[in-house]
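# Breakdown of the fold
Take a look at the letters that make up each chain.
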Amino acid sequence: MEQVLKLTGRIAFWVSVISSVLVAFVSYRFVPLGVEIAMNFVSHNLAGNSLALFAHIAVAPVALFLMPFQFMSGLRRKHPPLHRWVGRIYVVAVVISGVAGFQLAFHSTAGVFASAGFASLAVVWLWTTLGALYFALTRQFARHRDWMLRSAALTFAAVTLRVYLGSSMALGAEFQVAYPIISWACWIPNSILVETYLLMRGRRSYLLTNQTM
């Protein structure tokens, strides 16, 4: 059973790595195509809100691309300075794109429910990432790893959002109906999965400790 869990974990990790990197690169399709063609559902922000728009769509993919590399133990162990610098860039990218995303949330054309979902995502994303930074600076590395997992789950919302959006379009769902639901669904299940994992890992550690006493 232990081997099955490890194999499942490795597969899940590499699926997340590949999907994060691919989505990060695809996110820059607005460079050759333009925002109106590549991301027409946010193109209304070009009129009077372009700074926040470009701060988000240009910087958020950086955080998404860098996120998986922070969990590669070999990189962290063999090249700790590189790990720290990648972490710093990741935090800066989250802060810039998170603040911009919070501002953009209130300009959503999908209604108040969608605005609340994306604004909440931005706040929790900033909170978990800055929490991870705090625990790293105070050398509480176990807690740092836990909070980075929470931050990563929210960064991965960029992937799950596209999966849900693409699926809803394939099923013929109306954008105005699907998008508000996706604004919450793209990140809450991710966070629940991480919290469940942390809880199970904590219980397993507790049981192993008591067995050896």
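Look up: the structure comes first, before these words.
Position numbers for residues count from 1 along each chain, tracking the sequence in the order it is written. Side-chain atom pairs in this predicted model are given and counted only at pLDDT of 80 or more, local residue features only at pLDDT of at least 70, and totals for whole chains, interfaces and linings cover all residues. The side-chain figures draw on all heavy atoms in the structure; neither hydrogens nor water molecules are used.

## Describing a nonpolar patch on the surface
Only residues above 30% relative accessible area that lack a salt bridge enter a patch, with like-charged residues linked at up to 9 Å and the nonpolar side chains Val, Leu, Ile, Met, Phe, Trp and Tyr linked at up to 5 Å. Throughout, the Shrake-Rupley method with a 1.4 Å probe supplies accessible areas, and for residues the shown protein chains are the sole cover considered. Note on definitions: salt bridges are taken to be side-chain nitrogens of Lys or Arg within 4 Å of carboxyl oxygens of Asp or Glu. There is a patch of nonpolar side chains on the surface, built from V95, V99, L130, L133 and L137 and spanning about 410 Å² of accessible area. What counts as a helix is a DSSP run of H or I of at least four residues, what counts as a strand is a run of E of at least two, and both are numbered from the N terminus. Among the elements of the structure, α6 (80–105) and α7 (112–137) are those that each provide at least two residues to the nonpolar patch. Broken down by element, the nonpolar patch gets its largest block of residues, three residues, from α7. Examined against the element boundaries, L133 turns out to sit in helix α7.

## Looking at helix α10 (residues 175–185)
Listing the buried residues of α10 in full gives A178, Y179, P180, I182 and S183. Against α7 and α9 (157–170) lie the buried residues of α10. The buried label goes to any residue with under 20% of its type's maximum accessible area, the exposed label to any with over 50%, and the partly exposed label to all in between, with areas taken from a 1.4 Å probe on protein chains only. Contacts: residue pairs with any heavy atoms within 4.5 Å of one another.

## Focus: the nonpolar core
If you look at the biggest cluster of nonpolar residues, it comprises 33 residues, and the most contacted ones within it are Y90, F118, L121 and C186. Put simply, the parts of the chain that give this core at least two residues each are α1 (2–26), α4 (50–66), α6, α7, α8 (141–155), α9 and α10. Here this core takes eight residues from α7, the largest share from any one element. Put simply, buried Ala, Val, Leu, Ile, Met, Phe, Trp, Tyr and Cys residues joined by side-chain atoms within 4.5 Å make one nonpolar core. Core analysis: the second largest hydrophobic core is formed by 11 residues, A38, M39, V42 and I57 among them.

## Regarding unusual backbone geometry
The backbone of R139 sits at a positive phi, close to 60 degrees, despite the residue not being glycine. With respect to the helices and strands, R139 occurs in the loop between α7 and α8.

## Comments concerning the packing of α7 against α8
Between N-to-C directions, angles cover 0 to 180 degrees, with each direction set by a line fitted to C-alpha atoms, over the stretch in contact for helices. Orientation of α7 relative to α8, taken along the N-to-C sense of each, is 155 degrees, at an axis distance of 8 Å. Looking at the two axes, α7 sits roughly antiparallel to α8. The handedness of the crossing between α7 and α8 is left-handed. Taking contact as the criterion, the partners of L121, V124, W125, W127, T128, T129, G131, A132, F135 and A136 in α7 are, on α8, F141, R143, H144, W147, M148, R150, S151, L154 and T155. Polarity classes work like this: nonpolar for Ala, Val, Leu, Ile, Met, Phe, Trp, Tyr, Cys and Pro, charged for Asp, Glu, Lys and Arg, and polar for all others, with Gly in that last group. The residue inventory of the contact of α7 with α8, partitioned by class, reads 11 nonpolar, six polar and two charged. With respect to orientation, any angle under 35 degrees is reported as roughly parallel, any angle over 145 as roughly antiparallel, any angle of 65 to 115 as roughly perpendicular, and every other angle as oblique. A clockwise turn of the near helix away from the far one marks a right-handed crossing, whereas an anticlockwise turn of less than a right angle marks a left-handed crossing.

## Concerning the pattern of salt bridges
Across all of its chains, the model carries one salt bridge by this definition. Between R150 and E195 there is a salt bridge, and its shortest N-O distance comes to 2.5 Å. One end of the pair, R150, is in helix α8; the other, E195, is in helix α11 (residues 188–211), with 45 residues separating them in the sequence.

## Thoughts on a positive patch on the surface
The grouping of R76, R77, K78 and R145 at the surface amounts to a positive patch. For the positive patch, the element with the highest residue contribution is helix α5 (residues 73–78), accounting for three residues. By secondary structure assignment, the location of R77 is in helix α5. Counting rule applied: Lys, Arg positive; Asp, Glu negative; His and chain ends not counted. Where a charge lies is defined by one atom per residue type, namely NZ (Lys), CZ (Arg), CG (Asp) and CD (Glu).

## Quick word on the layout of surface pockets
Method remark: on a 1 Å grid restricted to protein atoms, a set of points is classed as a cavity if a 1.4 Å probe fits but cannot get out and as a pocket if it is open with protein on both sides within 12 Å along at least five of seven lines; lining residues have an atom within 4 Å of a point. Grid points are joined across faces, edges and corners, and a volume is the space filled by probe spheres set on the points. When its volume is computed, the second largest pocket comes out at roughly 920 Å³. Forming the boundary of the second largest pocket are 40 residues, of which F41, H56, L161, R162 and Y179 lie nearest the centre. At the level of secondary structure, the elements contributing two or more residues to the lining of the second largest pocket comprise α1, α4, α6, α7, α8, α9 and α10. With seven residues, α9 is the single largest residue contributor to the lining of the second largest pocket. Taken together, the residues of the lining of the second largest pocket break down into 25 nonpolar, 13 polar and two charged.

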